[in-house]
Amino acid sequence: MPVAVVYAQSYDMLLEGGHLIDPKNGINEPMDVAIAGDSIAEVAPQISPDSADRVVDVSGLYVTPGIIDMHTHVFHGTDPDAYIADAHVSVAPDGFTFRSGVTTVVDAGSAGWKNFRTLKAQTIDRAETRVLAFLNIVGVGMVGRYEEQNVEDMNPEMTALMINELFPDLLVGIKSAHYWGDFTQVERAVEAGNRAGVPVMVDFGEHDPPLSLETLLMDKLRPGDIFTHTYSYTRGREAVVDEEFNVKPYVLKAQERGVLFDVGHGGGSLIWHQVIPSMQQQFWPDVISSDLHTSSMNGGMKNMANLMSKFLNMEMPLQEVILRSTWSPAQVIGREDLGHLSTGADADVAVFRLKEGDFGFLDARGRTMQGNRKLEAELTLREGRVVWDLNGRASPSWEEEPRRY
């Protein structure tokens with residue numbers, strides 16, 4: 001008597017019919033993506049829907065690796081006297097990441113070596129979002145502007161030890177920020193970076209008179225170090241664009257020698273008259289990041305999808321926008337396991353709708369730039385799990401379910 005053979009589905013989910021942009025793998029074309037468990041199982045032009053337990057139609061949409069936001073502040077806490085470390089200004093990441101396609105954030109120096117364990121316990125260990133961090137060169141991190149001036153608390157040895165010996169999988173770099181003095185803080189951060197073998201991110205400024213930006217970019221920072229808030233225009237800091245709206249020549253030379261430029265939009269650090277001339281002169285950022293915190297998320301920045309849309313409307317091709325929001329930051333932080341959809345990689349996936357219409361985009365000064373294209377996150381997967389589904393496309397219709405009371 002013949003025996004019936006039942007073939008089980010090979011995949012848990014199939015994203016079918018979308019346009020895949022995966023810069024690491026050089027893909028910018030229609031492609032299906034199959035997921036098994038928490039990993040990417042197959043990427044191919046046409047994968048049989050019979051091979052998957054759940055098929056999600058993403059026709060007309062763009063499929064990308066999960067977005068990596070390399071500059072955020074997520075050391076959320078309740079210390080009423082603190083600025084960003086363990087404070088209300090920082091945000092709990094899950095409420096603001098998945099809805100804009102973000103699956104990984106990097107906290108940009110909210111904590112130093114003295115309070116990183118608190119950040120880990122309160123945020124990293126509780127979040128569905130993958131949370132990594134730059135460790136502040138100041139031991140107490142961003143408790144407050146005055147505490148950040150304490151040179152005695154800038155300890156390269158302890159900072160490097162925490163990175164190398166205790167949390168090498170979570171700590172991806174060192175942060176220097178908000179220092180009013182000379183180059184001492186930057187120099188100690190770079191010393192720690194040399195000890196730990198990681199990059200340094202510098203939030204430069206607040207000096208009166210301003211320190212030399214050329215000295216910072218050409219003499220103090222190493223190739224692979226990061227200048228954040230690239231398109232800022234504020235007191236106490238030299239801007240990258242001069243009064244005639246020309247990108248300063250040494251800025252371009254610094255990028256050529258390997259210094260990396262990060263957007264870090266934030267509440268005050270992307271100004272149209274800096275970024276638009278820069279884009280027109282082909283001075284593009286290496287990384288697009290939000291500087292997410294309570295003072296930026298409801299202002300001009302809003303979220304990563306909105307920020308990415310700004311660069312799209314400044315004539316940066318979509319594949320370049322995705323590159324600077326996925327594979328580029330993954331390389332900068334030394335996490336090349338992230339930012340792509342290679343077979344075997346974590347199934348961190350974003351699906352975007354590219355809307356056409358009449359849109360306005362605000363800078364950090366409340367000035368508007370008009371645009372006609374806008375990205376909106378339709379679906380976000382974190383390790384193969386649906387964590388954001390704007391229109392319910394990954395779920396069955398209510399009509400398919402029997403009524404139960």
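Note that the coordinates shown come from a computational prediction; the quantities given were computed from them, not determined experimentally.

Student: I'm lost on the overall build of the protein in this one. Help?
Tutor: Along the protein, the regular secondary structure elements total nine helices and 17 strands. A compact globule built from 405 residues would reach a C-alpha radius of gyration of about 22 Å, and the protein, at 22 Å, matches this within 12%. Considering only C-alpha atoms, the protein reaches an extent of 90 × 45 × 40 Å along its principal axes. Burial status across the protein gives 56% buried among its 405 residues. In the form shown here, the protein has an accessible surface area of approximately 17,200 Å², with 47% of it arising from carbon and sulfur atoms. In the protein, 34 side chains carry a positive charge and 58 a negative one; their mean positions are 3 Å apart.

Student: Any chance you could explain the layout of surface pockets here in plain terms?
Tutor: Rolled over the atoms, a probe as big as a water molecule pinpoints where empty space is left. Roughly 420 Å³ of internal volume is contained in the largest pocket. Lining the largest pocket are 24 residues, with R145, H178, D203, H229 and S269 sitting closest to its centre. Approximately 180 Å³ is the volume found for the second largest pocket. Lining the second largest pocket are 14 residues, and of these N303, A305, L375, E376 and A377 lie nearest its centre. When residues of the lining of the second largest pocket are assigned to their parent elements, the largest contribution, four residues, is made by strand 16 (residues 368–382).

Student: Explanation requested: the sheet that holds strand 6 (residues 52–57) in the structure shown.
Tutor: Hydrogen bonds between backbone groups are what pair the strands of a sheet, and the pairing can be parallel or antiparallel. With mixed pairing, the four strands of this open sheet are ordered in space as 5-4-1-6. Where the open sheet ends on each side, the last strands, each with one partner, are strand 5 (39–44) and strand 6. Within this sheet the neighbouring strands show an average axis-to-axis angle of 20°, counted without direction. In the sheet, strand 1 (residues 11–16) pairs with strand 4 (residues 32–36) via three bridges, with the strands oriented antiparallel. Opposite L15, over in strand 4, you have V33 as the bridge partner.

Student: Just checking my understanding: could you explain unusual backbone geometry for this structure?
Tutor: As a rule of thumb, non-glycine residues mostly have phi less than zero, and peptide bonds are mostly trans rather than cis. Here the bond from D208 into P209 is cis, since omega is 0°, no more than 30 degrees from zero. Within the fold, P209 resides in the loop between strand 12 (200–203) and helix 4 (213–220). Residue E206 is not a glycine yet carries a positive backbone phi of 65°. As for its placement among the helices and strands, E206 is situated in the loop between strand 12 and helix 4. Unlike most non-glycine residues, K302 shows phi in positive territory, near 70°. Residue position: K302 is located in the loop between helix 6 (272–280) and helix 7 (304–312).

Student: Would you explain the packing of aromatic side chains in this entry?
Tutor: Both the distance between ring centres and the angle between the ring planes are used here to describe each pair of aromatic rings. By the definition in use, this model includes six aromatic pairs. Site record: aromatic cluster; members linked through ring pairs are F227, Y231, F261 and F283.

Student: So what exactly am I meant to see when it comes to the environment of W272 here?
Tutor: Locating W272 in the fold gives a position in helix 6. Given the relative accessible area of 7%, W272 is considered buried. Between the C-alpha atom of W272 and that of R382, which follows or precedes it by 110 residues, the distance is 33 Å. If sequence neighbours within four positions are ignored, W272 has contacts with P277, K310, M314, F361, L362, D363, R367, T368 and M369. A distance of 2.8 Å separates a polar side-chain atom of W272 from the backbone oxygen of R367.

Student: Teacher, can you tell me more about the environment of A330 here?
Tutor: When you line up the elements, A330 lands in helix 9 (residues 327–332). The contacts of A330, once residues within four sequence positions are left out, are I68, R335, E336, L338 and G339.

Here is what the cut-offs are and how they apply
- Residues numbered from 1 in each chain as written.
- Predicted model: local features only at pLDDT ≥ 70, side-chain atom pairs only at ≥ 80, totals over all residues.
- Heavy atoms only, no water.
- Helix = DSSP H or I, 4+ residues; strand = E, 2+ residues; numbered from the N terminus.
- Rg over C-alpha atoms; globule rule 2.2 N^0.38 Å.
- Buried < 20%, exposed > 50% of the residue type's maximum accessible area, 1.4 Å probe, protein only.
- Areas by Shrake-Rupley, 256 points an atom, 1.4 Å probe, with all protein chains shown as cover.
- Lys, Arg positive; Asp, Glu negative; His and termini not counted.
- Charge placed at Lys NZ, Arg CZ, Asp CG, Glu CD.
- 1 Å grid on protein atoms, 1.4 Å probe; cavity = no way out; pocket = protein on both sides within 12 Å on 5 of 7 lines; lining within 4 Å.
- Points joined across faces, edges and corners; volume = space filled by probe spheres on them.
- Pairing = 2+ DSSP bridges.
- Axes fitted to C-alpha atoms, helices over the stretch in contact; angles between N-to-C directions.
- Phe/Tyr/Trp six-rings, centres within 6.5 Å; stacked < 30°, edge-to-face > 60°.
- Contact = heavy atoms within 4.5 Å.
- Polar contact = N/O pair within 3.5 Å; in protein donor to acceptor, adjacent residues only side chain to side chain.

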